[in-house]
Amino acid sequence: MTMQTKIVSIEQGLDEAAELIKNGDIVVFPTETVYGLGANAFDGNAVRKIFEAKGRPMDNPLIAHIADISWIDKLAVDVSDSAKAVIKAFMPGPITVILKRSKAVPDEVTAGLDTVGIRFPKHNVARQFIKACGVPLAAPSANTSTKISPTSAQHVFEDMKGRIPLILQGGECEVGIESTIVDMTVDVPTILRPGAITADMLVKVLDKVKNFDGNIIVAKAPGMKYKHYAPSCEMVVASSEDKAIFEYGRQVGLQHNPVIIAKNDYVPDQILLNSIRLNVIRLGATDEEAMRNIYAAMHEAQDKYDYIICQDFGDEGLGASIMNRINKASGGKRI
Ligand code: AMP
Ligand code: MG
């Protein structure tokens, strides 16, 4: 079965194109990387039409294209702080982040994986179109399977005429190759497909990136790039347990709501003298556990309390590594 394929400008064709998507059909749209063949990412049957038109095997996942950062919440869960940093730095732009999928995303999009690729294109026509559709668009490149990716409406037309109803015209793609894909669901963020956003660029907002060639690239000055390193309330390091408890009492006297962050055996739950209950966030028994839990403890502390007193972990081994972060967070303040 063939159909008439037309090429239209966004001025002429926006409403018709968005209407096609709403009716579960497919539409080709331009992006800054290559042209994409899109369908409503929440509609498994619509997404199937992409695979039919491309002759693409169903086990190859598609990328969900969004028109606003906030849409990520509909597609993904458990978005890590480092993923958020990548999103903030590079979206909209030629990058796809792999995140843990939400239940709303059908298997047709993810090829049954528990992850989803998400991209926020910068191209004006893409953004207007996706916004008008009101839903994320699942899209691979708009070429038949194994053919070259299209970077102009004419490329798409030559390859796919008769298989698709409509191509939105958007000129020649500025970037010209597919987006960088970075998997943010693994311990070391990993580039699955290289593109215009390089490992050197990614490492400006991440501590480490595993490059496409398997090499791990480490930030030159890890930690320097986090502007909001410190908790939002005051934090001091106590040089001894006695000093920590004395400072705690002093802060209570000043009508503050302090907390002590320390390893398990550092302070008791109660000060026996006047039987006040101490607010304590316990980091675990070992330095290794303390390292694992220190940032979560700072998050919890700034949310619930207004003054943080932190144990001194010394200047050796893991203790020194933990203190490196604590000294930044406390601005070097000691008691
Ligand atoms: P295309 O840009 O035409 O190659 O189509 C999208 C590409 O995105 C696929 O070929 C995959 O390589 C990649 N992709 C999409 N979703 C995922 C995912 N969840 N995990 C890994 N790769 C993905
Ligand atoms: Mg492709």
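Every value quoted in this text rests on a predicted model; they were computed, and no experiment measured them. (Residues numbered from 1 in each chain as written. Chains lettered and ligands numbered in written order. Predicted model: local features only at pLDDT ≥ 70, side-chain atom pairs only at ≥ 80, totals over all residues. Heavy atoms only, no water.)

S.K.: Any chance you could explain the packing of helix H10 (residues 287-304) against helix H11 (residues 317-330) here in plain terms?
M.R.: A pair of packed helices can be characterised by two numbers: the angle between their axes and the separation between those axes. Relative orientation of the contacting elements H10 and H11 amounts to 15 degrees, with a least axis distance of 9 Å. With respect to their mutual orientation, H10 and H11 come out roughly parallel. Read as a crossing pair, H10 and H11 show a hand that is left-handed. On the side of H10, the interface is formed by Asp-287, Glu-288, Ala-290, Met-291, Ile-294, Tyr-295 and Met-298, while H11 contributes Leu-318, Gly-319, Ile-322, Arg-325, Ile-326 and Ala-329. Broken down by class, the residue content of the contact of H10 with H11 amounts to 9 nonpolar, 1 polar and 3 charged. (Axes fitted to C-alpha atoms, helices over the stretch in contact; angles between N-to-C directions. Helix = DSSP H or I, 4+ residues; strand = E, 2+ residues; numbered from the N terminus. Parallel < 35°, antiparallel > 145°, perpendicular 65-115°, else oblique. Left-handed = near helix turned anticlockwise from the far one by under 90°. Contact = heavy atoms within 4.5 Å. Nonpolar A, V, L, I, M, F, W, Y, C, P; charged D, E, K, R; others polar.)

S.K.: Sorry if this is basic, but what is going on with the packing of helix H1 (residues 10-22) against helix H6 (residues 124-133) here?
M.R.: It is at 9 Å that the axes of H1 and H6 come closest, and there the two elements cross at 40 degrees. Classified by the angle between their axes, H1 and H6 sit oblique to one another. Judged by the sense of rotation from one axis to the other, the crossing of H1 with H6 is right-handed. Contacts between H1 and H6 involve Ile-10, Leu-14, Ala-17, Ala-18, Ile-21 and Lys-22 on the former and, on the latter, Val-125, Gln-128, Phe-129, Ala-132 and Cys-133. For the contact of H1 with H6, the class distribution of residues is 9 nonpolar, 1 polar and 1 charged.

S.K.: Hey, could you run me through the packing of aromatic side chains in this one?
M.R.: Where two aromatic rings form a pair, the distance of their centres and the angle of their planes describe that pair. What the rule picks out here adds up to 1 aromatic pair. An angle of 50 degrees between the planes, with centres 5.6 Å apart, marks the rings of Phe-29 and Phe-129 as tilted. Of this pair, Phe-29 sits in strand E2 (residues 27-29) while Phe-129 sits in helix H6, and the two are 100 residues apart along the sequence. Since its relative accessible area comes to 0%, Phe-29 is described here as buried. Overall, the relative accessible area of 0% leaves Phe-129 in the buried class. One cation-aromatic arrangement involves Lys-74 over Trp-71; the distance from NZ or CZ to the ring centre is 4.6 Å. (Phe/Tyr/Trp six-rings, centres within 6.5 Å; stacked < 30°, edge-to-face > 60°. Buried < 20%, exposed > 50% of the residue type's maximum accessible area, 1.4 Å probe, protein only. Lys NZ or Arg CZ within 6 Å of the ring centre and 35° of its normal.)

S.K.: Teacher, can you tell me more about the layout of surface pockets here?
M.R.: Gaps left between atoms show up when a probe the size of a water molecule is rolled over them. Its boundaries defined by the atoms lining it, the second largest pocket holds a volume of some 440 Å³. The wall of the second largest pocket is formed by 28 residues, among which Pro-61, Leu-62, Ile-63, Ile-181 and Arg-193 lie closest to the centre. Residue assignment for the lining of the second largest pocket shows that the elements contributing at least two residues are strand E4 (63-65), strand E6 (95-101), strand E7 (115-119), strand E10 (180-183) and strand E11 (190-193). For the lining of the second largest pocket, the element with the highest residue contribution is E7, accounting for 4 residues. A per-class count over the lining of the second largest pocket returns 12 nonpolar, 11 polar and 5 charged. (1 Å grid on protein atoms, 1.4 Å probe; cavity = no way out; pocket = protein on both sides within 12 Å on 5 of 7 lines; lining within 4 Å. Points joined across faces, edges and corners; volume = space filled by probe spheres on them.)

S.K.: Explain the pairing of E10 to me, please; I cannot follow it from the model alone.
M.R.: Side-chain direction in a regular strand flips from residue to residue, so the side chains alternate between the two faces of the sheet. Alternating positions in E10 separate into two faces, Thr-180 and Val-182 on one and Ile-181 and Asp-183 on the other, with burial throughout. Examined bridge by bridge, E6 and E10 share 4 bridges and lie parallel to one another. Its bridge partner being in E10, Val-97 is matched across the sheet by Val-182. Summarising the sheet, E10 and E11 pair through 3 bridges and their orientation is antiparallel. Looking at E11, one finds that Asp-183 is bridged to Thr-190. Between E10 and E11, which pair antiparallel and follow one another directly, the connecting turn spans 6 residues. (Pairing = 2+ DSSP bridges.)

S.K.: Looking at this structure, how should I read the site of ligand 1?
M.R.: Neighbouring ligand 1 are 15 residues, the closest being Arg-56, Asn-60, Thr-115, Ser-141 and Arg-193. Interatomic distance of 3.0 Å between a side-chain N/O atom of Asn-60 and an oxygen atom of ligand 1. At 3.0 Å, a side-chain N or O of Thr-115 approaches a nitrogen atom of ligand 1. For ligand 1, whose accessible area on its own is 480 Å², the fraction buried by protein is 82%. Spatially, ligand 1 is embedded in the second largest pocket. Those elements that place two or more of their residues in the shell around ligand 1 are E7 and E11. It is E7 that contributes the most residues to the shell around ligand 1, 3 residues altogether. Looking at the shell around ligand 1, its residues break down into 9 nonpolar, 4 polar and 2 charged. (Near = heavy atom within 4 Å. Polar contact = N/O pair within 3.5 Å; in protein donor to acceptor, adjacent residues only side chain to side chain. Areas by Shrake-Rupley, 256 points an atom, 1.4 Å probe, with all protein chains shown as cover. Sits in = over half its atoms within 2 Å of the grid points.)

S.K.: Which parts of the structure should I look at to understand helix H4 (residues 81-90)?
M.R.: Given 3.6 residues to a turn, an α-helix orients residues that are three or four positions apart in the same direction. By the burial criterion, the buried members of H4 are Ala-83, Val-86, Ile-87 and Phe-90. For H4, the arc enclosing every buried residue in end-on projection is 100 degrees, short of the 170-degree limit, so these residues lie on one face. Facing away from the buried side of H4, by more than 90 degrees, are the exposed residues Asp-81 and Lys-88. Its buried side turned inward, H4 meets helix H3 (72-75), E6, E10 and helix H8 (199-202). (Arc of directions from axis to C-beta.)

S.K.: Quick question: what am I supposed to make of the environment of Thr-31 here?
M.R.: In this structure, Thr-31 sits in the loop between E2 and strand E3 (36-40). In the structure, Thr-31 is positioned 96 residues away from Arg-127 in sequence and 8.6 Å away in space, judged by C-alpha atoms. Other than its neighbours up to four places away in sequence, Thr-31 contacts Arg-119, Pro-121, His-123, Ala-126 and Cys-173. There is a polar contact of 2.9 Å between the side chain of Thr-31 and the side chain of Thr-33. Separated by 2.7 Å, the side chain of Thr-31 and the backbone oxygen of Val-34 make a polar contact.

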